[in-house]
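Chain by chain, the residues:
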Amino acid sequence: MSAPAPRQLPLPLAAAKEPRGPLIEDVSNAAARAWLADPARWPGGRLCLWGPEGVGKSHMLADTAEARGWRLLHGPDLPALPEPGPAALDDADCAPEEALFHLINANAARGLPLLLAGRAAPSRWPVVLPDLASRLAATAAVAVEEPSEALIEALLLRETAERQIRLPEATRAWLLRHLPREARAVRAAARRLDRLSLALGRAPSRALARAALSDLPGFAAPDHDASVAAAADASRDAPRLV
């Protein structure tokens, strides 16, 4: 009788937020860190961090807002007439245009710093308001690059150490070859691996990792790993990994 097909366990990239650890310094975020260290250098008191999802923009915004006592705002939730004040606005490229224009003007008029983050450089945001486009084009922007291999490895080491997961060196190397190059993916993978290992009472291994992450590209379980996923289904006490 053939083994049951492995159950797919979705990687919760949008899971509930966990406490963020300290930012790991890397060549990919070096330029952004240099600019964030000295807001007095920002032309017009305004700076935008830009880059793809998962490279640490939100982490650096939150750290900066917390360290300097600034408000931390979210673009889609920006009110129509936001109050002026030192602020860090995440997902600024998703903010309502009128509200973003008002916040930029209000802070600029008072000489107050404004930190933005978006997926593209602000001069490339597809805005309709000509005056807002002009303000965005005049905003200093610094790219946050894709994380280096050293950063991905450091993140995996930190996430597994915090969960007291002892990964065999060969398993860690295999994970590093296959994991998406995003910090949140590394965190989610460590969380799922920990939960499945505890549920089955088994030490982490390549087969267990493949079963826990089987829905991701590069992690499809071959026949000889199907027994691990089948055991997960059979374990009544196992928490559902979603």
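A quick note: this is a predicted structure, and the numbers were derived from the prediction, not measured.

Each helix and strand counted, the chain has nine helices and five strands in total. Reading the chain from its N terminus to its C terminus gives the helix and strand order α-β-α-β-β-α-β-α-β-α-α-α-α-α. A burial count over the chain gives 44% of its 242 residues as buried. Taking all contacts inside the chain whose residues are at least 6 apart in sequence as the whole, residues at least 24 apart take part in 66%. For the chain, the exposed area adds up to about 12,400 Å²; of that, 54% sits on carbon and sulfur atoms.

Turning our attention to helix α3 (residues 97–110). Here α3 is 14 residues long and its end C-alpha atoms lie 20 Å apart, about the 20 Å a rise of 1.5 Å per residue gives. Of the positions making up α3, those classed as buried are Ala99, Leu100, Phe101, Leu103, Ile104, Ala106 and Asn107. Residues of α3 that are buried in the fold lie against β1 (46–50), β2 (71–74), β3 (87–90), β4 (114–118) and α4 (130–137). Just downstream of α3, Gly111 is the residue with a positive phi angle, here 65°.

A word on the environment of Arg184. By the element assignment, Arg184 lies in helix α7 (residues 183–200). With 29 residues separating them in the primary sequence, Arg184 and Leu155 have C-alpha atoms 9.6 Å apart.

Looking now at the pattern of salt bridges. The tally for this structure, following the rule as stated, stands at five salt bridges. We note a salt bridge from Arg119 to Asp93, for which the minimum N-O separation is 3.2 Å. Of the two residues, Arg119 sits in the loop between β4 and α4 while Asp93 sits in the loop between β3 and α3, which places them 26 residues apart along the sequence. A salt bridge links Arg163 to Glu159, with the shortest nitrogen-to-oxygen separation between them at 2.7 Å. In this structure, Arg163 and Glu159 share a single accessibility class: buried.

With that settled, the discussion passes to the sheet that holds strand β5 (residues 140–143). Strand order in the open sheet formed by five strands is β2-β3-β4-β1-β5, and the pairing between neighbours is parallel. Every other strand in the sheet has two partners, leaving β2 and β5 as the edge strands with one partner each. Ignoring strand direction, the axes of neighbouring strands in this sheet form an average angle of 20°. Pairing of β1 with β5, which is carried by four bridges, proceeds in the parallel orientation. Within β5, the position partnered with Leu47 by the bridge is Ala140. On top of the sheet, α3 reaches β1, β2, β3 and β4; it is set at about 150° to β4, its chief contact.

With 23 residues, the main nonpolar core has Leu175, Leu179, Leu213 and Phe219 as its most contacted residues. Those elements giving two or more residues to this core turn out to be α5 (149–162), α6 (169–178), α7 and α8 (206–212). Ranked by the residues each element gives to this core, the list is headed by α7, at six residues. Discounting chain neighbours no more than four positions away, the residues touching Leu179 are Leu156, Ala185, Val186, Ala189, Leu213 and Phe219. Listed in part, the 17 residues of the second largest apolar core include Leu73, Ala92, Leu100 and Trp125.

Atom-level detail of predicted coordinates should not be read off regions where pLDDT is low. Within the chain, residue pLDDT values average 84, and 81% of them lie at 70 or more. Low pLDDT, under 50, characterises residues 1–16; the stretch is placed with 37 contacts to residues that sit more than four places away or in other chains. Counted against residues more than four places away or in other chains, residues 223–242, with its pLDDT under 50, gives 32 contacts.

Rules behind the numbers
- Residues numbered from 1 in each chain as written.
- Predicted model: local features only at pLDDT ≥ 70, side-chain atom pairs only at ≥ 80, totals over all residues.
- Heavy atoms only, no water.
- Helix = DSSP H or I, 4+ residues; strand = E, 2+ residues; numbered from the N terminus.
- Buried < 20%, exposed > 50% of the residue type's maximum accessible area, 1.4 Å probe, protein only.
- Contact = heavy atoms within 4.5 Å.
- Areas by Shrake-Rupley, 256 points an atom, 1.4 Å probe, with all protein chains shown as cover.
- Expected span 1.5 Å × (residues − 1).
- Salt bridge = Lys/Arg side-chain N within 4 Å of Asp/Glu carboxyl O.
- Pairing = 2+ DSSP bridges.
- Axes fitted to C-alpha atoms, helices over the stretch in contact; angles between N-to-C directions.
- Core = buried A, V, L, I, M, F, W, Y, C linked by side-chain atoms within 4.5 Å.
- pLDDT = per-residue confidence, 0-100.

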